[in-house]
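Analysis of the macromolecular model
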Amino acid sequence: MFFIQTMKNTQLTQKHISLGAKMVPFAGYNMPVSYKGVNHEHKVVRNHVGVFDVSHMGEFLVSGPKALSLLQKVTSNDVEKLNIGQAQYSCMPNETGGIIDDLLVYRIKEDTYLLVVNASNIEKDFNWISNHNTENVPLKNISEDYSLLAIQGPKAVKAMQSLTKVDLTAITYYHFKIGDFAGIDHVIISATGYTGSGGFEIYCKNTEVEQIWEAILKAGAHFNIEPIGLAARDTLRLEMGYCLYGNDINDETSPIEAGLSWITKFNKSFINDTYLKNQKDNGVSKKLIGFELTDRGIPRHGYDIVTHTSEIIGKVSSGTMSPSLEKAIGMGYVSTDFSKVGTQIFIQIRKKRIPAKIVKMPFYNI
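Owing to the predicted nature of the structure, the values given are computational and were not obtained by experimental measurement.

What follows is about the pattern of salt bridges. Counted by the stated rule, this structure contains 12 salt bridges. A salt bridge links glutamate 110 to arginine 107; the nearest nitrogen and oxygen atoms lie 3.2 Å apart. Salt bridges here are not isolated pairs; linked through shared partners, they connect Asp234, Arg237 and Asp248.

Have a look at this one:
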């Protein structure tokens, strides 16, 4: 017997279609990949302001007096450092040296936390946390009830200030306020995003998102706001050297290998901390690096990284033609011996070895 899984829509799917978006399946959802083209949309965000519908992302609520204890166990970063109104980038290590998912942790109230996880991992993440919830901490998957919009770009603050009484200039990076926005109360306004160009992420109920979307486009019209698709979100995050789960990190890559030691804190106990501490202290056999091609070509996920003698030393995890830099860039894992900045490597693109050099990330500096 065969079961056909129905593609999910966000509350704004028809809005995207009416705006001429090219729609593609992504993480089980029907999502806009582009409207006017990736290069155009990318530059809108870098230079002006754009709005993304990222309502496919997952949200969990963790609450009660033991919430902190559970989160300290399942995440790598130190949740105890979070004050109310702060967010934190983190990951959930598995028991074999890899990563279950990367995520954001928000401290909403004294004993209430919001977790924001990748769309493709919602069920996997919820099950993982549930399986380690030995003290029956209240845990709720609210992904189906909430929407998420990302308003990104250097003009985001000015473009959106008319929609809220909250002083947007006062919300510092990785902090948030809960307030009015576009005529809706109790909206989370978070100074986060995955583009590197500043801006906000707006969390609201599904019943509220259409009103907020229309208000964002209207308020931002004077600032040249445009809707932006997932393709530009990918090129924007890659220019910043931000990891994408499923490409640059996965169940077989450790946070130490991925350059995420800064979110891996050993002043507490968490899943597989002994293994990861050993990696940090004694080194790893492979590392995630950034590179630029020095000849024509575009690196893609899965391409071999080789030496001048065609010895395979790693694989490309992400690659693109950077719209901002107008050069081909990528990330990939290589043997540690070949990971030093400035090292020449080659990307095997079909039958050609294309020269490249390892560079320091981010590729793009604001």
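This part is about the environment of isoleucine 271. You can see isoleucine 271 is positioned in the loop between helix 7 (230–239) and helix 8 (273–282). The class for isoleucine 271 is buried, based on a relative accessible area of 10%. Distance from isoleucine 271 to proline 93, taken between C-alpha atoms, is 6.3 Å for residues 178 residues apart in sequence. Not counting chain neighbours up to four residues away, the residues in contact with isoleucine 271 comprise Lys73, Val74, Pro93, Asn94, Glu95, Trp128 and His132.

Attention shifts here to the environment of glycine 198. As for its placement among the helices and strands, glycine 198 is situated in the loop between strand 11 (184–190) and strand 12 (199–205). Its relative accessible area of 39% is what places glycine 198 among the partly exposed residues. The spatial distance from the C-alpha of glycine 198 to the C-alpha of leucine 12 is 23 Å, given a sequence separation of 186 residues. If sequence neighbours within four positions are ignored, glycine 198 has contacts with Ile151, Gln152 and Gly153.

The next point concerns empty space enclosed by the protein. Going through the model one piece at a time under the given rule, you end up with 1 cavity of 30 Å³ or more. Its boundaries defined by the atoms lining it, the largest cavity holds a volume of some 30 Å³. Contributing to the lining of the largest cavity are Phe52, Ala150, Gln152, Gly193, Tyr194, Thr195, Glu201 and Arg233. Taken together, the residues of the lining of the largest cavity sort by class into 3 nonpolar, 3 polar and 2 charged.

The geometry of an aromatic ring pair is captured by the separation of the ring centres together with the interplanar angle, meaning the angle of the planes. Here the structure, examined in full by the defined rule, presents 7 aromatic pairs. For the ring pair tyrosine 106 and tyrosine 203, a centre distance of 5.4 Å and an interplane angle of 75° mean the geometry is edge-to-face. Of this pair, tyrosine 106 sits in strand 6 (residues 99–109) while tyrosine 203 sits in strand 12, and the two are 97 residues apart along the sequence. Judged by relative accessible area, which is 4%, tyrosine 203 ranks as buried. An aromatic cluster of at least three residues, connected via ring pairs, comprises Tyr106, Phe176 and Tyr203. The ring centre of tyrosine 333 lies 5.1 Å from the NZ or CZ of lysine 286, which sits over that ring. The ring of phenylalanine 346 carries the charged tip of arginine 353 above its face, separated from the ring centre by 5.7 Å.

Pairing within the open sheet is antiparallel, and its 5 strands lie in the order 5-6-7-4-8. Both outer strands of the open sheet, strand 5 (87–93) and strand 8 (139–141), are each paired with one neighbouring strand and no more. The average undirected angle you get between the axes of adjacent strands in this sheet is 25°. With respect to the sheet, helix 4 (residues 122–131) is in contact with strand 4 (58–63), strand 5, strand 6, strand 7 (112–117) and strand 8, its orientation differing from that of strand 8 by roughly 170°.

Strands sit in the order 10-11-12-9-3-13 across an open sheet of 6 strands; the sheet is mixed. Each of the sheet's edge strands pairs with one partner strand only, and the pair in question is strand 10 (176–181) and strand 13 (226–227). Two strands pair when backbone bridges link them, and strand 3 (residues 50–53) and strand 13 are joined in this way by 2 bridges, in the parallel orientation. Its bridge partner being in strand 13, valine 51 is matched across the sheet by proline 227.

Cut-offs applied
- Residues numbered from 1 in each chain as written.
- Predicted model: local features only at pLDDT ≥ 70, side-chain atom pairs only at ≥ 80, totals over all residues.
- Heavy atoms only, no water.
- Salt bridge = Lys/Arg side-chain N within 4 Å of Asp/Glu carboxyl O.
- Helix = DSSP H or I, 4+ residues; strand = E, 2+ residues; numbered from the N terminus.
- Buried < 20%, exposed > 50% of the residue type's maximum accessible area, 1.4 Å probe, protein only.
- Contact = heavy atoms within 4.5 Å.
- 1 Å grid on protein atoms, 1.4 Å probe; cavity = no way out; pocket = protein on both sides within 12 Å on 5 of 7 lines; lining within 4 Å.
- Points joined across faces, edges and corners; volume = space filled by probe spheres on them.
- Nonpolar A, V, L, I, M, F, W, Y, C, P; charged D, E, K, R; others polar.
- Phe/Tyr/Trp six-rings, centres within 6.5 Å; stacked < 30°, edge-to-face > 60°.
- Lys NZ or Arg CZ within 6 Å of the ring centre and 35° of its normal.
- Pairing = 2+ DSSP bridges.
- Axes fitted to C-alpha atoms, helices over the stretch in contact; angles between N-to-C directions.

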